[in-house]
Amino acid sequence: DDMEERDAHLYAELGKRRGAITALEWSIEAPNNATAEEKKLTDQVRDWVGMLTAHANGVDGGMEVLLMAMTSAVLPGYAPIELQWNLVADSTGRQVRVPHCTLQPQRWFTTSADRRRFLLRSEKNMVPGEDGLPPVMGEELRQLAWLMHVHPARRGYLARMSLARVLFWPYLFKNYSVRDLAEFLETYGLPLRLGKYPSGASDDEKRTLLRAVTDIGHNAAGIIPQGMLLEFQAAAAGTEVPFTAMWDRMDAAESKAILGQTLTASE
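Residues numbered from 1 in each chain as written. Predicted model: local features only at pLDDT ≥ 70, side-chain atom pairs only at ≥ 80, totals over all residues. Heavy atoms only, no water.

Participant: Give me the lowdown on the overall build of the protein chain, citing residues and values where you can.
Facilitator: A tally of regular secondary structure across the protein chain gives 7 helices and 12 strands. Split into buried and exposed, the 267 residues of the protein chain put 30% on the buried side. For the protein chain, contacts bridging at least 24 residues in sequence account for 55% of all contacts bridging at least 6. As presented, the protein chain carries roughly 17400 Å² of accessible surface, and 54% of it is formed by carbon and sulfur atoms. (Helix = DSSP H or I, 4+ residues; strand = E, 2+ residues; numbered from the N terminus. Buried < 20%, exposed > 50% of the residue type's maximum accessible area, 1.4 Å probe, protein only. Contact = heavy atoms within 4.5 Å. Areas by Shrake-Rupley, 256 points an atom, 1.4 Å probe, with all protein chains shown as cover.)

Written out as structure tokens, the structure reads:
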């Protein structure tokens with residue numbers, strides 16, 4: 001969540017991938033050569049899907065919102081959707097149970113000892129480990145209470161298959177470059193200020209001189225005690241090119257990991 005909030009390029013590329021899914025048309029159809037019973041079941045499922053409600057990321061709606069919630073699994077690897085079953089009248093007036101689907105945070109969950117299934121985090125319950133593995137603090141998911149959409153971007157067990165593990169290094173290196181560029185811009189073009197104090201100066205006088213040297217760079221004014229000297233050396237030199245080159249390179253790496261190409265990425 002922090003990666004997506006703090007990296008605009010990462011957010012935009014994930015939005016493209018989600019939009020490619022949620023923009024597709026969908027329908028519920030009976031199988032080929034369907035029997036009368038299968039056609040009846042298809043109609044029931046179509047009614048059932050049309051009645052379900054969903055809440056995700058502050059948006060309420062139906063199946064479209066549920067699909068949007070499921071695309072939240074692209075980055076972290078899974079999207080936990082809680083199902084609350086309510087009685088609703090269908091097209092025939094019959095009362096049927098239909099779920100209200102709510103996207104819940106991934107941080108609510110952990111994995112079992114063998115890392116093959118999800119558990120709900122708990123400070124009270126312990127789930128025994130299989131094959132001699134240690135127990136895990138959590139509880140098993142209740143049947144028909146969760147729709148757990150899993151998006152396996154990588155091979156391996158549940159904790160290692162998320163796309164976030166691939167994007168972590170480009171994200172980290174890019175943020176180092178952004179931080180270093182901000183520090184560079186703080187001092188670029190500013191002269192080195194060198195303060196000189198006479199022998200025997202007190203600690204208070206030294207602190208006063210240091211404060212004056214620090215403040216004068218941005219305030220373009222300051223005072224120093226008589227007998228002290230303030231010299232301006234050559235201005236800080238350099239260029240932003242190395243920082244932006246790393247930034248652009250990491251943006252391209254993120255685009256490749258998310259979309260498989262950089263042709264649609266912004267320059």
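Participant: So what's going on with the packing of aromatic side chains? Which residues, and what values?
Facilitator: With the rule as written, the count across this model stands at 6 aromatic pairs. On the basis of an interplanar angle of 85° and a centroid distance of 6.4 Å, the ring pair of Tyr78 and Phe109 is categorised as edge-to-face. Of this pair, Tyr78 sits in strand E3 (residues 78-89) while Phe109 is found in strand E5 (residues 109-111), placing the two residues 31 residues apart along the sequence. Here the two residues Tyr78 and Phe109 agree in accessibility, since each one is buried. Look at Tyr78 and Phe118: their rings are 4.4 Å apart centre to centre, the planes differ by 40°, and that puts the pair in the tilted class. Remark: Phe118 occurs in strand E6 (residues 118-120) and Tyr78 occurs in strand E3; sequence separation between them is 40 residues. According to the relative accessible area criterion, Phe118 is buried, its value standing at 10%. A network of ring pairs unites the aromatic residues Tyr78, Phe109, Phe118 and Trp146 as a single cluster. (Phe/Tyr/Trp six-rings, centres within 6.5 Å; stacked < 30°, edge-to-face > 60°.)

Participant: Can you lay out the layout of surface pockets for me, pointing to particular residues and giving the numbers?
Facilitator: The space that makes up the largest pocket amounts to roughly 530 Å³. Lining the largest pocket we find 20 residues, and of these Asp1, Glu4, Arg18, Asn57 and Ser72 sit closest to its centre. At the level of secondary structure, the elements contributing two or more residues to the lining of the largest pocket comprise helix H1 (2-6) and helix H2 (8-22). Considered class by class, the residues forming the lining of the largest pocket number 8 nonpolar, 8 polar and 4 charged. (1 Å grid on protein atoms, 1.4 Å probe; cavity = no way out; pocket = protein on both sides within 12 Å on 5 of 7 lines; lining within 4 Å. Points joined across faces, edges and corners; volume = space filled by probe spheres on them. Nonpolar A, V, L, I, M, F, W, Y, C, P; charged D, E, K, R; others polar.)

Participant: Quick one: what's the story with the sheet that holds strand E4 (residues 95-103), residue by residue and with numbers?
Facilitator: Here we have 5 strands laid out as an open sheet, ordered E2-E1-E4-E3-E10, and mixed in their pairing. Of all the strands in the sheet, just strand E2 (59-61) and strand E10 (146-150) have a single pairing partner and so form its edges. Each neighbouring strand pair of the sheet contributes to a mean axis angle of 20°, computed without reference to strand direction. The pairing of E3 with E10 spans 5 bridges and is antiparallel. Note that in E10 the partner of Pro80 across the bridge is Met148. Contacts from helix H3 (residues 36-51) reach strand E1 (53-56), E3 and E4, with the element oriented near 45° to E4. (Pairing = 2+ DSSP bridges. Axes fitted to C-alpha atoms, helices over the stretch in contact; angles between N-to-C directions.)

Participant: Any details on the packing of H2 against helix H7 (residues 241-259)? Residues and values, ideally.
Facilitator: Axis separation between H2 and H7 bottoms out at 10 Å; the angle between their running directions is 20°. Considering their axes alone, H2 and H7 lie roughly parallel with respect to each other. Crossing of H2 against H7: the hand is right-handed. Seen from H2, the contacting residues are His9, Leu10, Glu13, Leu14, Lys16 and Arg17; seen from H7, they are Asp251, Glu254, Ser255, Ala257, Ile258 and Leu259. Here the residues of the contact of H2 with H7 are counted per class, giving 5 nonpolar, 2 polar and 5 charged. (Parallel < 35°, antiparallel > 145°, perpendicular 65-115°, else oblique. Left-handed = near helix turned anticlockwise from the far one by under 90°.)

Participant: Give a description of a nonpolar patch on the surface that names residues and reports values.
Facilitator: On the surface, Phe168, Trp169, Phe173, Tyr176 and Met246 cluster together to form a nonpolar patch covering roughly 490 Å² of accessible area. For the nonpolar patch, the leading source of residues is helix H5 (residues 164-187), giving 4 residues. You can see Phe173 is positioned in helix H5. Residue class for Phe173 comes out partly exposed when judged on its relative accessible area of 36%. (Patch = residues over 30% accessible without salt bridge, like charges linked within 9 Å, V, L, I, M, F, W, Y side chains within 5 Å. Salt bridge = Lys/Arg side-chain N within 4 Å of Asp/Glu carboxyl O.)

Participant: Let's hear about unusual backbone geometry: which residues, and what values?
Facilitator: Peptide bonds are mostly trans, and most non-glycine residues show a negative phi. Of note, the phi angle at Asn33 is positive, near 55°, even though the residue is not glycine. Of note, Asn33 is situated in the loop between H2 and H3. The phi torsion at Asn57 lies on the positive side, around 55°, for a residue other than glycine. Accessibility expressed as a relative area gives 58% for Asn57, which makes it exposed.

Participant: An account of the nonpolar core is requested, with residue identities and associated values reported.
Facilitator: Grouped together as the largest cluster of nonpolar side chains are 17 residues, with contacts concentrated most on Leu52, Leu66, Ile81, Cys101 and Leu103. Elements with a contribution of two residues or more to this core: E1, helix H4 (63-70), E3 and E4. Leave out the neighbours within four places in its chain, and Leu52 touches Gly61, Gly62, Met63, Leu66, Val98, Pro99 and Cys101. Among the nonpolar cores identified, the runner-up in size contains 10 residues, and Met3, Leu163, Leu167 and Ile258 belong to it. (Core = buried A, V, L, I, M, F, W, Y, C linked by side-chain atoms within 4.5 Å.)

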